[in-house]
Amino acid sequence: SAVPTIKQSGSPSTTLVPSSSPSACSYAISTGKKKLAMPLESLVNPKVEIDGRNMVVVAADSNLDYVYVMFYSLKDEEWERNKKYFIEEYRIDSYSVALSRGTALVGSMYAENDAGESVGVVYMYEQDSEGIWEKVDSPIVPEDGVSEYAYRYFGNSVAIDGDMA
């Protein structure tokens with residue numbers, strides 16, 4: 001099977017490859033600097049976005065109950081985990097991720113809320129002046145009155161460039 005290629009901002013693509021057989025559940029993320037051996041035990045469908053010296057990895061648990069958002073910073077040419085969050089407000093099974101200059105977005109269409117409705121959501125994270133990643137308030141959801149299509153597919157694809165999302 002083909003090796004997935006992950007978009008890397010501002011430089012050649014990054015490749016996410018199993019470190020041994022696919023059943024080993026450990027991945028090596030090669031970023032052109034150092035490889036990051038990442039045990040994913042019960043995590044599935046990892047998505048990676050890199051911008052300069054920051055990396056965000058988003059992956060779901062095997063039951064799709066939670067989505068983990070893990071931030072890494074390049075320190076002394078080694079990737080070091082900065083912060084880890086998990087999304088629990090909505091049950092989501094597909095997601096998109098974007099990262100640019102201290103802001104990260106994680107979007108999902110068809111997220112299931114507590115009422116069992118499908119809605120698109122976007123989570124925003126910002127890096128503070130000390131380099132720590134913090135979740136920004138509540139998830140962003142579409143306003144009332146938008147079409148059902150827009151309501152459900154909001155968050156399907158996220159992109160950010162500086163202050164524009």
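Residues numbered from 1 in each chain as written. Predicted model: local features only at pLDDT ≥ 70, side-chain atom pairs only at ≥ 80, totals over all residues. Heavy atoms only, no water.

Our next topic: the environment of V57. Looking at the element boundaries, V57 is found in strand β6 (residues 54-61). Overall, V57 belongs to the buried group, its relative accessible area being 0%. Taking C-alpha positions, V57 is 8.1 Å from Y72, a pair spaced 15 residues apart along the chain. (Helix = DSSP H or I, 4+ residues; strand = E, 2+ residues; numbered from the N terminus. Buried < 20%, exposed > 50% of the residue type's maximum accessible area, 1.4 Å probe, protein only.)

Glancing now at the confidence of the model for the protein. With 69% of its residues at a pLDDT of 70 or more, the protein shows a mean pLDDT of 74. Least confident of the elements in the protein is strand β1 (residues 5-6), whose mean pLDDT is 36; most confident is strand β12 (residues 133-135), at 94. The model gives residues 1-27 a pLDDT under 50, and that stretch makes 53 contacts with residues more than four places away or in other chains. (pLDDT = per-residue confidence, 0-100. Contact = heavy atoms within 4.5 Å.)

Once that is clear, we can look at the pairing of β6. Of all eight residues that make up β6, eight are buried, and the element is covered over most of its length. Bridge analysis of strand β5 (residues 43-51) against β6 gives seven bridges, and the strand direction is antiparallel. Residue pairing for β6: I50 is matched across the bridge by M55. Linkage of β5 to β6, two consecutive antiparallel strands, is achieved through a turn of two residues, within which G52 is found at a positive phi near 65°. In terms of strand pairing, β6 meets strand β7 (residues 67-75) through seven bridges, oriented antiparallel. (Pairing = 2+ DSSP bridges.)

Time to look at the sheet that holds strand β9 (residues 96-100). Strands sit in the order β9-β10-β11-β12 across an open sheet of four strands; the sheet is antiparallel. The strands lining the two open edges of the sheet, one partner per strand, are β9 and β12. Between one strand axis and the next, the sheet turns by 20° as a mean value, whatever way the strands run. Pairing geometry for strand β10 (residues 103-112) and strand β11 (residues 118-127), over eight bridges, is antiparallel. In the strand pairing of β11, A111 is matched with V119. (Axes fitted to C-alpha atoms, helices over the stretch in contact; angles between N-to-C directions.)

Before going further, it helps to spend a moment on the nonpolar core. Counting 30 residues, the largest nonpolar core has V58, V69, F71, V106 and Y125 as the members making the most contacts within it. When contributions to this core are tallied by element, the ones reaching two or more residues are β5, β6, β7, β8 (78-87), β9, β10 and β11. Not counting the four nearest positions on each side in its chain, F71 is found in contact with M55, V56, E80, R81, N82, K83, Y85, A104, Y125 and W133. Of all hydrophobic cores here, the second largest spans five residues; its members include A98, L105, V122 and I160. (Core = buried A, V, L, I, M, F, W, Y, C linked by side-chain atoms within 4.5 Å.)

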